[in-house]
Amino acid sequence: MMWNRLIFTMIILILAGRADTATSARGPAPFDPEKALKLASPDGKNVIQFMPVDGNPMYSLSRSGQKIIEPSAMGFSFKKESRSLGKLELLTAGISSMDETWRQVWGEKQEIRNHCHQLSVSLREKNSTRRILNIEFRAYNDGIAFRYLYPQQGETDLVIMDELTGFNLAKDGQAWWIGAYQDNRYEYLTSKSAVSSLNKVHTPLTIQSDSGLFFSFHEARLVDFASMTLARTEGHHLKADLVPWADGDRVKTDGSFTSPWRTLQIAEKPGDLITSYLILNLNDENILEDISWIHPYKYLGIWWGMHIGKFTFWESPTQGATTENAFAYIDYCADFGIDHLLIEGWNKGWTPAWYQNAMHRFSFTEEADGFDLKTVTDYAKEKGVKMIGYHETGSNIINYLEQIDAGMSLYQSLGIHDIKIGQVGPRLNMKEWHHGQFGVQYYREVLKKAAGHKLTVNFHEPIKDTGESGALIRT
């Protein structure tokens with residue numbers, strides 16, 4: 001990523017202890033806006049304020065002088081109380097600027113401007129361990145973001161048990177939300193109610209504030225971390241709630257970690273949330289050298305017939321995935337200008353009770369009776385139609401990862417460049433949330449495997465999109 005960095009402030013060195021010593025006798029120190037570090041968006045409207053209060057990092061946010069987020073907590077608690085961070089002091093701080101344009105491989109807009117100001121702060125424990133916690137804030141015209149960076153400091157098994165990040169909204173509002181911790185993840189209708197009535201919800205969380213502004217809380221660049229849901233603590237105050245592992249841990253680390261960006265998009269009209277590219281701008285640039293095989297497409301599928309009972313997924317007199325049916329669908333695609341065809345149920349392993357059978361095992365290379373993958377693929381090529389591969393894991397991730405290379409190699413050998421991958425089931429491997437750290441790691445491993453075989457991926461039962469919707473080219 002190319003940065004045009006303009007340093008606006010000199011590095012600030014803070015002497016330990018003086019302010020806290022002076023205020024300790026009077027009780028907890030208040031959040032003092034006059035003493036806080038300030039970061040403004042390029043247009044000057046969105047202003048973040050940050051300062052440690054009694055050794056605890058806190059931030060607030062305003063837009064055009066109107067409070068949006070009142071002083072809110074930041075930080076983490078770790079496994080074993082003795083290992084949690086102690087009181088922190090500000091060690092260094094600096095402000096920089098970014099202004100660049102990059103190009104999407106695909107998307108509704110080709111060139112996107114990434115223009116923001118950044119505040120980087122380094123905090124250090126006051127106790128004898130003297131550990132460091134770094135925080136980066138970014139202020140955009142269409143919102144703000146921040147993330148935590150914890151460097152390696154001699155700890156090899158640091159486990160995050162809670163993220164303390166709060167979002168204490170200054171005003172209530174109407175929220176559009178999907179409840180968190182449900183078996184079908186995000187596949188529910190959106191509900192609408194007051195922020196002050198929420199329990200635990202997924203992001204993105206969209207809000208029409210009583211202030212008249214529109215907000216969307218989310219996260220960007222979700223890598224090797226648990227997904228963030230939002231829990232209401234009191235009134236219209238929200239807090240980060242990390243999706244746990246089956247054993248209760250939230251994030252397992254090797255002693256260092258970089259959190260996803262915690263994001264808040266801000267708009268004066270609801271449509272401006274749709275045209276905001278803040279989430280995309282916070283992701284890493286493309287690392288793929290060859291992107292010539294990545295293309296958007298429209299497709300037809302042999303799959304809905306199974307859901308309405310016309311066909312079966314499994315081998316039967318009404319089997320959907322047969323060579324004969326595939327030819328008919330290919331002809332239909334060719335006649336109506338539909339360039340891709342998805343065929344579900346082409347492989348061995350489908351039975352009438354596949355969904356009920358826990359840890360069901362599919363084959364990702366062996367064809368079902370009555371279906372010839374190469375014959376179908378060759379016929380599709382003659383008709384100018386491309387095939388979409390299909391892998392249904394049944395959430396048996398152990399079985400899938402044992403076969404993933406063979407399954408993807410098969411598709412690549414046939415000239416297939418697209419695949420749909422399903423993770424049907426309430427838990428991965430019968431125990432882990434799809435959107436916990438285990439799931440995040442799994443989805444990313446699959447994406448890396450797919451990229452190595454030049455396959456684009458359409459995840460079914462997916463992890464939520466946090467901005468990696470297309471490869472990025474920085475210019």
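Peer 1: Is there a simple way to think about the sheet that holds strand β26 (residues 456-460) in this case?
Peer 2: Strand pairs in the sheet, formed through backbone hydrogen bonds, run parallel or antiparallel to each other. Strands sit in the order β22-β23-β24-β25-β26 across an open sheet of 5 strands; the sheet is parallel. If you trace the sheet from one side to the other, it starts and ends with β22 (299-302) and β26, each paired once. In this sheet, neighbouring strand axes are inclined to one another by 25° on average, regardless of whether the strands run parallel or antiparallel. Of the pairings in the sheet, the one linking β22 to strand β23 (residues 340-343) comprises 4 bridges and is parallel in character. Its bridge partner lying in β23, Gly-301 is registered against Leu-342. Against the sheet, helix α5 (residues 323-336) makes contact with β22, β23 and β24 (386-392), and its axis sits at roughly 160° relative to β22, the strand it touches most.

Peer 1: Which parts of the structure should I look at to understand the sheet that holds strand β10 (residues 159-163)?
Peer 2: Within the open sheet, the 3 strands sit side by side as β5-β10-β19. Their pairing is antiparallel. Every interior strand has two partners, whereas the edge strands, β5 (76-78) and β19 (251-252), have only one. Examined bridge by bridge, β10 and β19 share 2 bridges and lie antiparallel to one another. The residue of β19 that forms the bridge with Val-159 is Lys-252.

Peer 1: Is there a simple way to explain a nonpolar patch on the surface in this structure?
Peer 2: Taken together, the side chains of Trp-303, Trp-304 and Ile-308 present a nonpolar region at the surface, about 340 Å² in accessible area. With respect to the element layout, Trp-303 can be found in the loop between β22 and α4 (304-307). Judged by its relative accessible area of 30%, Trp-303 falls in the partly exposed class.

Peer 1: Help me out: how do you make sense of the pairing of strand β8 (residues 132-140) in this one?
Peer 2: Within a regular beta strand, the side chains point alternately toward one face of the sheet and then the other, so they alternate between its two faces. In terms of residue burial, β8 counts as a mostly covered element, since 8 of its 9 residues are buried. Here strand β7 (residues 111-125) pairs with β8 via 8 bridges, running antiparallel. Bridge pairing links Ser-120 to Glu-136 in β8. Taking the residues that link successive antiparallel strands as the turn, the β7-β8 hairpin has 6 residues, and the phi of Arg-130 there is positive, at about 55°. Alignment of β8 against strand β9 (residues 143-150), held across 7 bridges, turns out to be antiparallel. Within β9, the position partnered with Phe-137 by the bridge is Phe-146.

Peer 1: Mind showing me how you'd approach the packing of aromatic side chains here?
Peer 2: Each aromatic ring pair is described using two quantities: the centre-to-centre distance and the angle formed by the ring planes. Taken as a whole, this structure holds 30 aromatic pairs when the rule is applied. Between Phe-146 and Tyr-148 the ring centres are 6.2 Å apart and the planes differ by 85°, which places this aromatic pair in the edge-to-face class. Like Tyr-148, Phe-146 is buried. These aromatic residues form a ring-pair network of at least three members: Phe-50, Tyr-59, Phe-76, Phe-78, Phe-137, Phe-146, Tyr-148, Tyr-150, Phe-167, Phe-217, Phe-225 and Phe-257. In this structure, Arg-427 is placed above the aromatic ring of Trp-433, and the distance from its NZ or CZ to the ring centre is 3.6 Å.

Peer 1: Help me understand the confidence of the model for the protein, please; the structure alone is not making it clear to me.
Peer 2: In low-pLDDT segments, the atomic positions of the prediction should not be examined closely. Across the protein, pLDDT averages 91, with 92% of residues at or above 70. Low pLDDT, under 50, characterises residues 1-26; the stretch is placed with 47 contacts to residues that sit more than four places away or in other chains.

Peer 1: Sorry if this is basic, but what is going on with empty space enclosed by the protein here?
Peer 2: Over the atoms, a rolled probe matching the size of one water molecule traces out where space is still vacant. Throughout the structure, instances matching the rule amount to 3 cavities of 30 Å³ or more. Here the largest cavity defines a volume of roughly 50 Å³. Lining the largest cavity, in full, are Ile-343, Trp-346, Phe-371, Leu-373, Met-387, Ile-388, Gly-389, Tyr-390, Tyr-411 and Ile-416. The element best represented in the lining of the largest cavity is β24, accounting for 4 residues.

Peer 1: Help me understand the nonpolar core, please; the structure alone is not making it clear to me.
Peer 2: One recurring pattern in soluble globular proteins: nonpolar side chains tend to sit buried together. In terms of nonpolar packing, the biggest core is built from 98 residues, with Phe-50, Phe-137, Phe-217 and Ile-343 touching the most fellow members. In this structure, Phe-217 is in contact with Ile-69, Phe-167, Leu-169, Thr-203, Pro-204, Leu-205, Ile-207, Leu-230, Leu-238, Thr-263 and Leu-264, ignoring residues within four places of it in sequence. Counting residues in hydrophobic clusters, the runner-up holds 9 residues, among them Cys-116, Ala-145, Leu-278 and Leu-282.

Cut-offs and rules
Residues numbered from 1 in each chain as written. Predicted model: local features only at pLDDT ≥ 70, side-chain atom pairs only at ≥ 80, totals over all residues. Heavy atoms only, no water. Pairing = 2+ DSSP bridges. Helix = DSSP H or I, 4+ residues; strand = E, 2+ residues; numbered from the N terminus. Axes fitted to C-alpha atoms, helices over the stretch in contact; angles between N-to-C directions. Contact = heavy atoms within 4.5 Å. Patch = residues over 30% accessible without salt bridge, like charges linked within 9 Å, V, L, I, M, F, W, Y side chains within 5 Å. Areas by Shrake-Rupley, 256 points an atom, 1.4 Å probe, with all protein chains shown as cover. Salt bridge = Lys/Arg side-chain N within 4 Å of Asp/Glu carboxyl O. Buried < 20%, exposed > 50% of the residue type's maximum accessible area, 1.4 Å probe, protein only. Phe/Tyr/Trp six-rings, centres within 6.5 Å; stacked < 30°, edge-to-face > 60°. Lys NZ or Arg CZ within 6 Å of the ring centre and 35° of its normal. pLDDT = per-residue confidence, 0-100. 1 Å grid on protein atoms, 1.4 Å probe; cavity = no way out; pocket = protein on both sides within 12 Å on 5 of 7 lines; lining within 4 Å. Points joined across faces, edges and corners; volume = space filled by probe spheres on them. Core = buried A, V, L, I, M, F, W, Y, C linked by side-chain atoms within 4.5 Å.

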